[in-house]
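Now for the letters of each chain:
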Amino acid sequence: MTFLLQSKATANNPHRGAYNFNSDWKVYVGDPEGAAHTSFNDQQWEVVTLPHAWNEDEAFKLDIKDLSTGIAWYRKTFVLPEGSDDKNVFVEFEGLRQAGEFYVNGTLVGLHENGVMAVGLNLTSLLKPYPQENVIAVRTDNDWNYRERFFNQRYQWADRNFNANYGGLTKNVFLHITNKVYQTLPLYSNLGTTGVYVYASDFDIPAKKATVHVESEVRNETDRARVVNLDVVVEDLDGKEVQRFKGSPRMISPDGLSVLTASADMDNLEFWSWGYGYLYKVRARLEMDGAIVDEVPIRTGFRKTEYKDGMIYLNGRVIMLKGYAQRTSNEWPAMGMSVPAWLSDYSNQLMIESNGNFVRWMHITPWKQDVESSDRVGLIQVMPAGDAEHDVTGRRWDQRVELMRDAIIYNRNNPSILFYEGGNKGIRESHMLELLAVRDKYDPHGGRAMGSREMLASKTAEWGGEMLYINKSARKPLFANEYSRDEGLRKYWDEFTPPYHKDGDGPLYKGDDASVYNRNQDSHAIENVIRWNEYWRERPGTGKRVNSGGANIIFSDTNTHHRGEENYRRSGEVDPMRIPKDGFWAHQVMWAGWVELEDTLTHILGHWNYKKGTVKDIYVVSGAEEVELFVNGQLLGKGRQSHRFLFTFEDVCFAEGEIKAVGYNQEGLKVTEAVRQSAGKPHALQLTPMVSPAGFRADGADVALVQVEVVDAKGRRCPTALNMVNFELQGPAEWLGGIAQGPDNYILSKQLPVEGGVNRVLVRSTTEAGTIQLTAKARGLETAKLELTTLPFVTQNGLSTVLPADGLPSFIGKGPTPMTPSYRKTRIAVQPVAADAGINSEDVKQSFDDNEETSWTNDNHLDKGWVRYQLEREAELSQINIKLSGHRTRSYPIRVTVEGREVFKGSTPRNLGYVSIDFETIRGKEVMVQLIGATSYEDEYGIVEITGQKDEAVLADQEENREGSLNIVEIEFYEKAE
C-alpha cells in the first residue's frame, strides 16, 4: 500500500508531495496531562476525520452565546511516505478555533492564535523517517475571552453575535513534502513565506488576450549556490496544455531566498466572470541542472476589473452588486462550518441560481474552501480580515493588519475576490493607508479594491457604503454592506396556511416590538422586493451619481445573533438546510441581469392549496411591465404595481386547480409566465439524494444531503403538509439529521417533521465503504426507501493523495461576460454650477458636492428654508432626485419651482436614501426648492441594532427641533434620456 500511495503521488506531481492530512485523527475534550507526548495512550479517544469541530452537535441546537468552549486535544499518528528522506516536510492547517499549540513527537513547534487564518509549520527536523511512526498533537482553546499569550490581548472578532464558535480543527489540513530547493508556501504566519503569485495584465477582452505573469518565491536550503529557473505550463479547464513559457535563470545562495518571474502573452483566453467559473491550472515548475525539481499547481482565473465613475467593471462590463452578506461560518445543522467541499459548492452555487453575483463574507476572512468554491461557481467575493463593529488602536489594530496581510498572501490567486474589506465600520484614513500599503506590497496586480463599510467621503478607501441605506457616487463605487434584516421562518407561508401563524406574532426583542423579525414567508419576500426597489431606482444608467448595489443580510439562516422567536437568525433566503424560501425566488426575478434585466422571470408567492372559501391577496414578483392573473383559465385582471417588481391581486378566491401569472412587455407581448397547481391529498413520502459529483466517499467526513417530501398520488409536493417523519438508517453511516421548529430544533433527532411539505437530512459516511439504507415513515403515508453506496477512500499511514476538492467541476452556466452594454441611460443629469440660499449660502455647495457626509441646512428657520440652484445649461427638466437628512424617519413638506413656475408641492416620502420627485417636463435653468411647513417624524422601518439600541441618527432626529428644518445632503436634476 505504501508503494501504491507513492506511485500515485508520483504520477500527479513527481516533484512535490501534497497530501490530504485529514484522516485518522483522534479528539478528546479536556486537558489531560501529557497529551503532547508520543507515549500518551489515546486509545479511548474519538476517531474523527477532519475538518471536525468537537462541539459540532450543538450547531443550531444552542444559541450562539451558549456554544460550548474549552480545551480540546487532537492527535494523529502517521508515517512519512517511502523516499521522503532528506526532504522538507511542512504541515498546513487552513485554520482552527481559536488558538492552537502544535507538538510533533512531543516537541512544541508552534502557536497560532487568531482563530481565522491558515498557519504553516516546518516539521522537517522533528520527524522520523519511513517506516517509523510520528505523532502530531494539537491543543486547541476556543474560549470566547481567549487572550494572546505574549500580548494579553483579546481578539476583536471573537464575538458572540456573529462569529459562531465551533471549536477545534474545523478546516482542512495538508502535508507538503519538498526538495531542498523549493517554492515556498503562501503561509506568512510562522513560516514567513509568500509562495507563488499569478496574475494577468494588458487585457484585450474582445480579442481574448492578456499577459500572464508568475512570480515565485524560491528557497535554497542546500550547501551551495544553485542556478534555477521558472518553467510554467498553463492548462485550460479541460486539462489541455495551452501555453508554456520560461523566465530568466537566477542564482540563489545557500540558505538564500529569491523571487523568480516569468510571463507570456496568451490568446484565446476564457475570462472568469459571474456564473462562469472558468479556471486555469498554472503549473509553476522549478528547473535546476536541466531537470524539474519542484512544481506548484495554482488553480486560478483571469479577469479585468476597474472601479471608477461610481461603478464596478468586470471584463469591461458594468456590474451592479446583487448578493448577500453571509456569515463567514456558512454553517449547517449538527456540523457547523466543517462540511465537505462539494457542499460548499452546493450552497454557494445557490447564490448564483438566485441570480446573486456576490457575497460579502462578514467580519472575518472566509475559509479557503469557500474561497475556492466561489472561484468554481463564479461568485464575486468581498474578503474581510477581522473586525467587529468599530475601529481600534494599538495591539488590536496590529492584529487586524497582520490578519489582512496573511489573508491577502493566502488568497491573492483566487479570481473571485474583487474587494478587500478593511473594516465592518469606518476606520481612520491612516489605517486605510496602512491596509493599502499591505495590499500594494503583496497583491499589487490583482485588480482588487480596498475599502470599508461607510467611508463615503474617504480620499483613501477605494469603495464604501453604509449598511441599510442607499449611497451614491460619481467617483468610487458605493454599495450597501448589508440591508433587509427582517427574519422569517420557512415553515410559515401566510396566515391562511397551517400552522396559521399571524404575520409578526412573536415575543418582544429587548423590550421592543419584533414583528419584522417574526414574519411569514409572503411578507418577508415582499419586504425584500420593496427594499431592493430603492437600490434599483439608483442603478448605473440613472445619472452621473449612481448606486452600485447591495448585500441582503443573509443568504442562509444562521446559528448567530437573532431577534426573532427562534434561537437562530432566520433572515436567510434559504433555511439552514438550503431549502429556498419565497425570498430566494423573488431575488431570482429581480436580479436577472448584470444591471438591467436580461431575462424576464415571474414568481407567484406562496402556494395554491388553501381551504375552500379562502379569500386572500395574491402577490406576484415579475420583471414584466404588466401582469395578468388567471385562475383555472379565467382572467382576473391586471395586478396593481406598487413597486417595480411587485404586483398585487386583491381578494382572490381560492379554487382548486391552477393559478397562472402572465407577464407582458411594454409592447403588450407575452414574455413570461408562472404557474402553481393544487396538489392532491398527501399520499406518500419521497426521498431524493444529493451527493458530491465525485461520488459519496467513505472518508469519514463526506455527507449525503437527502430531501424528504410529502407528495400526492401524482408525485407533487403537498405544500401545507407538516407530517412527522421517522427515519431509520442502516449501514456504514452516521446520522446527522436536519432541523425543524420544535424541541432542540430536532437537531440529531431521527424523528422530525416536514415544513411546507419538505425537509432535508444529512447522513455522514464512515471510513468503511458499503451500502447505506435510509427509510422514511409517516403515519398514513407510503414509506420511502433510499439506498446509497459509499466509495472506498484510500489512505495509508494517515495520508491520502485525494484532496478534498478533487473532482469538483466549475459552474460555467451563465457563459462568458457579454460584450453588450449592461445598462441603458434612463435619464441625463444636468449639473448645478451655482446656488444661493436663505441662510448659510457659503455651505450650499455641500448639497451638490458628491459627498453624502456634508449637507446644507437652514438651521431650523422656516422662512429661510430655501435654495435656488443655477444649472449648467437650460434643460428639459422632468425630475429632481434628493437625499434629505433623516430620510428614513422624516417627511419634508416642500415646494419646487422651475423658472418661477411651481412643478411640485407636497411631502417627501420616507425612504432609505433618495427620493425622486417627478413633474411635467419644463424647460429651465433655475430651480428652487423651498420648505413650506414643519417636518413630521415617524420611523418607517423600525430597524434595531444588534445591541438592541435604535439607530443613533433616529434618536438624534427624535430629540431635534424639527419645526421648519430643511437639510439637503445631495440634490440632482434630470431630463429624460431620448
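Residues numbered from 1 in each chain as written. Predicted model: local features only at pLDDT ≥ 70, side-chain atom pairs only at ≥ 80, totals over all residues. Heavy atoms only, no water.

Enquirer: So, the pairing of strand 35 (residues 646–653): which residues are in play, and what are the values?
Expert: Of the strand pairs in this sheet, strand 31 (residues 615–622) and strand 35 are connected by 6 bridges, and their pairing is antiparallel. Note on strand 35: the bridge partner recorded for Lys616 is Val652. Across 3 bridges, strand 34 (residues 640–643) lies against strand 35 in antiparallel orientation. Residue pairing for strand 35: Gln641 is matched across the bridge by Phe647. Taking the residues that link successive antiparallel strands as the turn, the strand 34-strand 35 hairpin has 2 residues. (Pairing = 2+ DSSP bridges. Helix = DSSP H or I, 4+ residues; strand = E, 2+ residues; numbered from the N terminus.)

Enquirer: Describe the packing of aromatic side chains, and please don't skip the residues or the numbers.
Expert: Under the definition given, this model contains 36 aromatic pairs. Between Trp532 and Tyr535, the aromatic rings sit 5.8 Å apart at their centres with planes inclined by 20°, giving stacked as the arrangement. Here Trp532 pairs with Tyr535, and both are found in helix 7 (residues 521–537), just 3 residues apart, close to one helical turn. Per residue, the accessibility class of Trp532 equals that of Tyr535, and both read buried. Just above the ring of Phe151 sits the side chain of Arg395; from NZ or CZ to the centre is 4.1 Å. (Phe/Tyr/Trp six-rings, centres within 6.5 Å; stacked < 30°, edge-to-face > 60°. Buried < 20%, exposed > 50% of the residue type's maximum accessible area, 1.4 Å probe, protein only. Lys NZ or Arg CZ within 6 Å of the ring centre and 35° of its normal.)

Enquirer: So what's going on with helix 4 (residues 368–377)? Which residues, and what values?
Expert: With 9 of 10 residues buried, helix 4 lies mostly within the body of the structure. Three or more residues of helix 4 are buried, namely Lys368, Gln369, Asp370, Val371, Ser373, Ser374, Asp375, Arg376 and Val377. Packing partners of the buried residues in helix 4 comprise helix 3 (341–353), strand 24 (358–362), strand 25 (380–384), helix 5 (394–411) and strand 26 (417–421). At the exit of helix 4 stands Gly378, carrying a positive phi of roughly 80°. (Contact = heavy atoms within 4.5 Å.)

Enquirer: A description of the sheet that holds strand 31 should follow, citing residues and the corresponding values.
Expert: The 4 strands are arranged 30-31-35-34 in an open sheet whose pairing can be described as antiparallel. At either end of the open sheet lies a strand with only one pairing partner, and these are strand 30 (602–604) and strand 34. Taking the axes of each pair of neighbouring strands and ignoring which way they run, one obtains an average angle of 30° across the sheet. As paired elements, strand 30 and strand 31 share 3 bridges and run antiparallel to each other. Residue pairing across strands places His603 opposite Val621, the latter belonging to strand 31. Sitting on the sheet, helix 8 (residues 582–590) touches strand 30 and strand 31, and the angle it makes with strand 30 is about 155°. (Axes fitted to C-alpha atoms, helices over the stretch in contact; angles between N-to-C directions.)

Enquirer: Describe in detail the sheet that holds strand 9 (residues 134–141), supporting the description with residues and values.
Expert: Taken in spatial order, the 6 strands line up as 3-2-4-9-6-7 in an open sheet, and their pairing is antiparallel. Strands with a single pairing partner mark the edges of an open sheet, and in this sheet they are strand 3 (46–48) and strand 7 (107–112). Ignoring which end each strand starts from, the neighbouring axes of this sheet average 25° apart.

Enquirer: Describe empty space enclosed by the protein, with residues and values.
Expert: Considering all chains together, one arrives at 6 cavities of 30 Å³ or more under this definition. Approximately 200 Å³ is the volume attributed to the largest cavity. Along the wall of the largest cavity there are 22 residues; nearest its centre are Pro340, Ala341, Arg697, Asp699 and Pro804. Space inside the second largest cavity adds up to approximately 130 Å³. In terms of residue class, the lining of the second largest cavity is made up of 8 nonpolar, 6 polar and 2 charged. When residues of the lining of the second largest cavity are assigned to domains, at least three fall in each of domain 1 (17–183) and domain 3 (305–604). (1 Å grid on protein atoms, 1.4 Å probe; cavity = no way out; pocket = protein on both sides within 12 Å on 5 of 7 lines; lining within 4 Å. Points joined across faces, edges and corners; volume = space filled by probe spheres on them. Nonpolar A, V, L, I, M, F, W, Y, C, P; charged D, E, K, R; others polar. Domains from an automatic or database assignment.)

Enquirer: For the layout of surface pockets, give the residues involved together with the corresponding values.
Expert: The volume enclosed by the largest pocket comes to roughly 1600 Å³. Looking at the lining of the largest pocket, the elements with two or more residues in it are helix 1 (2–12), strand 1 (17–20), strand 10 (173–178), strand 18 (280–288), strand 19 (291–300), helix 4 and helix 5. Residue composition of the lining of the largest pocket, grouped by class: 20 nonpolar, 14 polar and 16 charged.

Enquirer: Quick rundown of the pattern of salt bridges? Include the residues and the values.
Expert: As enumerated under the stated definition, the model contains 63 salt bridges in all. Between Arg219 and Glu221 there is a salt bridge, with its nearest N and O atoms 4.0 Å apart. For Glu221, a relative accessible area of 26% translates into the label partly exposed. As a salt-bridge pair, Arg360 and Glu482 come within 3.6 Å of each other at their nearest N and O atoms. Separated by 122 residues along the polypeptide, Arg360 in strand 24 and Glu482 in strand 28 (residues 480–483) bring together distant segments of the chain. (Salt bridge = Lys/Arg side-chain N within 4 Å of Asp/Glu carboxyl O.)

Enquirer: A description of the UniProt feature "domain: Beta-mannosidase-like galactose-binding" (unreviewed entry) in the protein chain should follow, citing residues and the corresponding values.
Expert: As recorded in UniProt, the feature "domain: Beta-mannosidase-like galactose-binding" (unreviewed entry) lies at residues 71–157. Taken end to end, residues 71–157 has its terminal C-alpha atoms 19 Å apart, with 0% of it in helix and 44% in strand. (UniProt positions renumbered as here; feature names shortened; annotations may be inferred.)

Enquirer: Go over the nonpolar core, please, and point to the residues and values.
Expert: Residues Ile380, Phe419, Trp532 and Val621 are the most contacted members of the largest nonpolar core, which totals 61 residues. Among the elements that make up this core, the one with the highest residue count is helix 7 (6 residues). Look past the residues within four positions of Phe419 in its chain and what remains in contact with it is Tyr307, Ile312, Leu321, Ile380, Gln381, Val382, Met383, Ala449, Trp463 and Phe479. Within the second largest apolar cluster, 37 residues are counted, among which are Trp157, Met383, Val392 and Leu403. (Core = buried A, V, L, I, M, F, W, Y, C linked by side-chain atoms within 4.5 Å.)

Enquirer: For the packing of helix 5 against helix 6 (residues 429–442), give the residues involved together with the corresponding values.
Expert: Geometry of a packed helix pair, given as the angle between the helix axes and the separation of the axes. Look at helix 5 against helix 6: their axes get within 10 Å of each other, and the N-to-C directions meet at 25°. Compared by their axis directions, helix 5 and helix 6 come out roughly parallel. For the element pair helix 5 and helix 6, the recorded crossing hand is right-handed. Within the contact between the two elements, helix 5 uses Trp397, Val401, Met404, Arg405, Ile408 and Ile409 and helix 6 uses His431, Glu434, Leu435, Val438, Arg439 and Tyr442. When its residues are assigned to classes, the contact of helix 5 with helix 6 shows 8 nonpolar, 1 polar and 3 charged. (Parallel < 35°, antiparallel > 145°, perpendicular 65-115°, else oblique. Left-handed = near helix turned anticlockwise from the far one by under 90°.)

Enquirer: Now, about the domain arrangement of the protein chain: what can you tell me, with residues and values included?
Expert: Assigned domains of the protein chain: these are domain 1 (17–183), domain 2 (196–300), domain 3 (305–604), domain 4 (614–676), domain 5 (682–790) and domain 6 (827–976). Taking only C-alpha atoms into account, the centre of domain 2 sits 46 Å from that of domain 5.

Enquirer: Explain helix 5 to me, and be specific about the residues and the numbers.
Expert: Taking 1.5 Å of rise per residue, the 18 residues of helix 5 would be expected to cover 26 Å, and the 26 Å separating its terminal C-alpha atoms lies within 8% of that figure. Most of helix 5 sits inside the fold, with 14 of its 18 residues counted as buried. (Expected span 1.5 Å × (residues − 1).)

Enquirer: Before we move on, can you summarise the pairing of strand 9 with the specific residues and values?
Expert: Along strand 9, 7 of the 8 residues are buried, which leaves the element largely enclosed by surrounding structure. Relative to strand 9, strand 4 (residues 71–78) runs antiparallel, the two being bridged by 8 bridges. Among the inter-strand pairings, Ala72 is bridged to a residue of strand 9, identified as Thr140. The sheet contact formed by strand 6 (residues 99–104) and strand 9 spans 6 bridges and is antiparallel. Across the sheet, Val104 pairs through a bridge with Ile136, a residue of strand 9.

Enquirer: For the packing of helix 7 against helix 8, give the residues involved together with the corresponding values.
Expert: Two elements in contact, helix 7 and helix 8, have axes separated by 8 Å at closest approach and are oriented at 25°. In terms of orientation, helix 7 lies roughly parallel with respect to helix 8. The interaxial crossing formed by helix 7 with helix 8 has right-handed handedness. Of the residues in helix 8, those in contact with Gln521, Ala525, Asn528, Val529 and Trp532 of helix 7 are Asp582, Gly583, Ala586, His587 and Met590. Grouping the amino acids of the contact of helix 7 with helix 8 by side-chain chemistry returns 5 nonpolar, 4 polar and 1 charged.

Enquirer: So what's going on with the confidence of the model for the protein chain? Residues and values would help.
Expert: Per-residue confidence for the protein chain gives a mean pLDDT of 95; residues scoring 70 or more make up 96%. This stretch, residues 1–11, has a pLDDT under 50; its non-local contacts, to residues over four places away or in other chains, come to 18 contacts. Within the model, pLDDT remains below 50 along residues 945–949, and this stretch shows 15 contacts once partners closer than five positions in the same chain are excluded. (pLDDT = per-residue confidence, 0-100.)

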